[in-house]
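Residues per chain, in single letters:
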Amino acid sequence: MRGGRRRKMRAMYMRTALICVLLMAAGLAFFWYRSERAYTGYIVTEAERGDGPDAKAVTFGGRILRYSKAGAEVLDAGMTSLARQSFEMTSPEAKISGKYALVYDKGGREGYLFSADGRVTALAAQGIIGTGAVSSRGNAVLIVKEEGLSAHFTDGSGFAEESLAFEDFVPLAAAVSGNENTLVFSGVRTDTGASEMRFYNKKDLTLTASFDCGGTVIPVLAPLSGNRVLAVGDDTVFMFRAGKDPKEISARETGGAVLMTVSDGKRAAVLARNRETGKNELAVWNAAGLTARTETEFEPEKAAVSGNEILLYNRDSLLIVSASGRVRFEGTVSEKGPVKLCVRITDAKYRITTDYGTFEYAFS
């Protein structure tokens, strides 16, 4: 009797385990289908009219940040406004990471930090802003020109009283490490002309490490999870580990000139022109390193990372590539006018702004 009962219990457990495995496999297959399947077409509906001629948009933390010279607005996926901030900027630029976005006036003194929950923090720089960066936890840094060049940083509530001055170094890009403890800068030494990476302890602003990158100028830094920083040069991509003991992890040549780089704080996409084939090569990076690579003849004017997708587009066409390098869509989307900007709002839904308004594209 007892032996038969044990056999029945074991059989029941095995059936339960098998059902769980099958359900898990079905869930993974459904997730793969939703994130990797190719789109075969789309339906267009008008969303709204009246974006200004200089309007731009980025996505961050499941939100949309729409900004122009006159102000910025944080919208949710349903296009409900969560926060508005008016300002007067001559050349607004936006940097994003995780659930935070930084908008600053390049060549001006004004900046604003936006969070995905609608909070807005004003940042008034003492000098002229050259560039800036924001971390996934809301720490921001601005490189400004006062009597010399310096970096001002904030924890999201206002600028710290101390700033970091550069005497023999011209910074070109800035980043905050994933653990928030390190300020990272790429630039050029004024005494030797060499390209250099510098890592500073954020707590006491001491220089913890520097790396000579030879003749490869690095105008773009992309902080990633896992306390990694991607440094993108003109034809080489470096991966560094930040923290107490900064270290160069890898250096990989792109095979040609880098055309553009975009990042959301989790992954970065680097587009380069392969000098041998003449085609564009899209490489996707995360904290683990190079994860995907795909060739394309698409010629983009703009790019964005949104969730698990990379969007490349020009005035006529759109290319949607998954984070694994699979092309989901490539084709013309300009029937409503020349494309000015494109953002992903939810799965299979995108908003494209033209000269005639903003339209929602539902792909299938």
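Quick note: structure is the one above.
Please read these numbers as outputs of a predicted model, since none were measured by experiment.

(A) Region of the structure containing the overall build of the protein. When helices and strands are counted, the protein shows one helix and 32 strands. Looking at the protein residue by residue over its 364 residues, the buried ones come to 49%. Across the protein, the fraction of contacts at a sequence separation of at least 24, relative to all contacts at a separation of at least 6, is 38%. Summed over all atoms, the accessible surface of the protein reaches about 17700 Å², with 50% contributed by carbon and sulfur.

(B) Region of interest: the pairing of strand E21 (residues 247-253). Bridging between strand E20 (residues 236-241) and E21 involves six bridges; their strand directions are antiparallel. Bridging across to E21, Thr236 finds its partner in Glu253. Between the end of E20 and the start of E21, which pair antiparallel, lie five residues, with Gly243 showing a positive phi angle near 115°.

(C) Molecular detail of unusual backbone geometry. With a phi close to 65°, Asn227 is a non-glycine residue in the positive phi region. One can find Asn227 in the loop between strand E18 (220-224) and strand E19 (228-232). Here the phi dihedral of Ala348 falls at roughly 70°; this positive angle occurs in a residue that is not glycine. Mapping Ala348 onto the fold places it in the loop between strand E30 (341-346) and strand E31 (349-354).

(D) Summary view of the pairing of strand E15 (residues 182-189). Of all the eight residues making up E15, seven are buried; the element is thus mostly covered by neighbouring parts of the structure. Inspection of the sheet shows strand E14 (residues 169-176) paired to E15 by seven bridges, in the antiparallel sense. Of the residues in E15, the one forming a bridge with Ala173 is Ser186. Counting the residues in the hairpin turn of E14 and E15 gives five residues, including Glu180, whose phi is positive at 70°. When E15 meets strand E16 (residues 195-201), the two strands line up antiparallel, connected through seven bridges. From the neighbouring strand, Val188 faces E16, where its bridge partner is Ser195. The hairpin formed by E15 and E16 contains five residues between the paired strands, and Gly193 there has a positive phi angle of roughly 80°.

(E) Spotlight on the sheet that holds E21. Taken in spatial order, the four strands make up an open sheet running E18-E19-E20-E21, and their pairing is antiparallel. Edge positions in the sheet fall to E18 and E21, since each of these pairs with one other strand and no more. Within the sheet, the average angular offset between the axes of one strand and its neighbour, ignoring direction, is 20°. Alignment of E19 against E20, held across five bridges, turns out to be antiparallel. Bridge pairing in E20 links Val232 to Val237.

(F) Geometry of the packing of aromatic side chains. On inspection of all chains with the given rule, the structure shows 16 aromatic pairs. Ring plane angle 85° and centroid distance 5.7 Å describe the contact between Phe199 and Phe211, whose orientation is recorded as edge-to-face. Taken together, the residues Phe199 in strand E16 and Phe211 in strand E17 (residues 207-212) connect sequence positions twelve residues apart. Given the relative accessible area of 0%, Phe199 is considered buried. With a centroid separation of 5.7 Å and an interplanar angle of 55°, the aromatic rings of Phe199 and Phe240 are classed as tilted. Taken together, the residues Phe199 in strand E16 and Phe240 in strand E20 connect sequence positions 41 residues apart. Each of the two residues, Phe199 as well as Phe240, counts as buried.

(G) How the structure looks around the sheet that holds strand E27 (residues 309-313). Taking strand neighbours across the sheet as the criterion, the four strands line up as E26-E27-E28-E29 in an open arrangement whose pairing is antiparallel. Edge positions in the open sheet fall to strand E26 (302-306) and strand E29 (327-332), since each of these has one partner strand only. In this sheet, neighbouring strand axes are inclined to one another by 10° on average, regardless of whether the strands run parallel or antiparallel. Both E26 and E27 contribute to a ladder of five bridges, which runs antiparallel. The residue bridging Ser306 from the neighbouring strand is Glu309, located in E27.

(H) Highlighting the nonpolar core. Formed by 21 residues in total, the largest nonpolar core has its most connected members in Leu318, Ile320 and Phe363. Counting only elements with at least two residues in this core, the list comes to E27, strand E28 (317-322), E30, E31 and strand E32 (357-363). Ranked by size, the runner-up nonpolar core spans 16 residues in total, among them Val74, Ala101, Phe114 and Ala116.

(I) Looking closely at the environment of Asn280. Following the sequence through the fold, Asn280 ends up in strand E24 (residues 280-286). By relative accessible area, Asn280 is classed as buried at 1%. Along the backbone, Asn280 and Glu297 are 17 residues apart, and their C-alpha atoms lie at a distance of 5.9 Å. Ignoring anything within four residues of it in the chain, the contact list for Asn280 reads Leu259, Leu271, Ala272, Arg273, Thr294, Glu295, Thr296, Phe298, Glu299 and Pro300. For Asn280, the side chain forms a polar contact with the main-chain oxygen of Phe298, separated by 2.7 Å.

Criteria and cut-off values
- Residues numbered from 1 in each chain as written.
- Predicted model: local features only at pLDDT ≥ 70, side-chain atom pairs only at ≥ 80, totals over all residues.
- Heavy atoms only, no water.
- Helix = DSSP H or I, 4+ residues; strand = E, 2+ residues; numbered from the N terminus.
- Buried < 20%, exposed > 50% of the residue type's maximum accessible area, 1.4 Å probe, protein only.
- Contact = heavy atoms within 4.5 Å.
- Areas by Shrake-Rupley, 256 points an atom, 1.4 Å probe, with all protein chains shown as cover.
- Pairing = 2+ DSSP bridges.
- Axes fitted to C-alpha atoms, helices over the stretch in contact; angles between N-to-C directions.
- Phe/Tyr/Trp six-rings, centres within 6.5 Å; stacked < 30°, edge-to-face > 60°.
- Core = buried A, V, L, I, M, F, W, Y, C linked by side-chain atoms within 4.5 Å.
- Polar contact = N/O pair within 3.5 Å; in protein donor to acceptor, adjacent residues only side chain to side chain.

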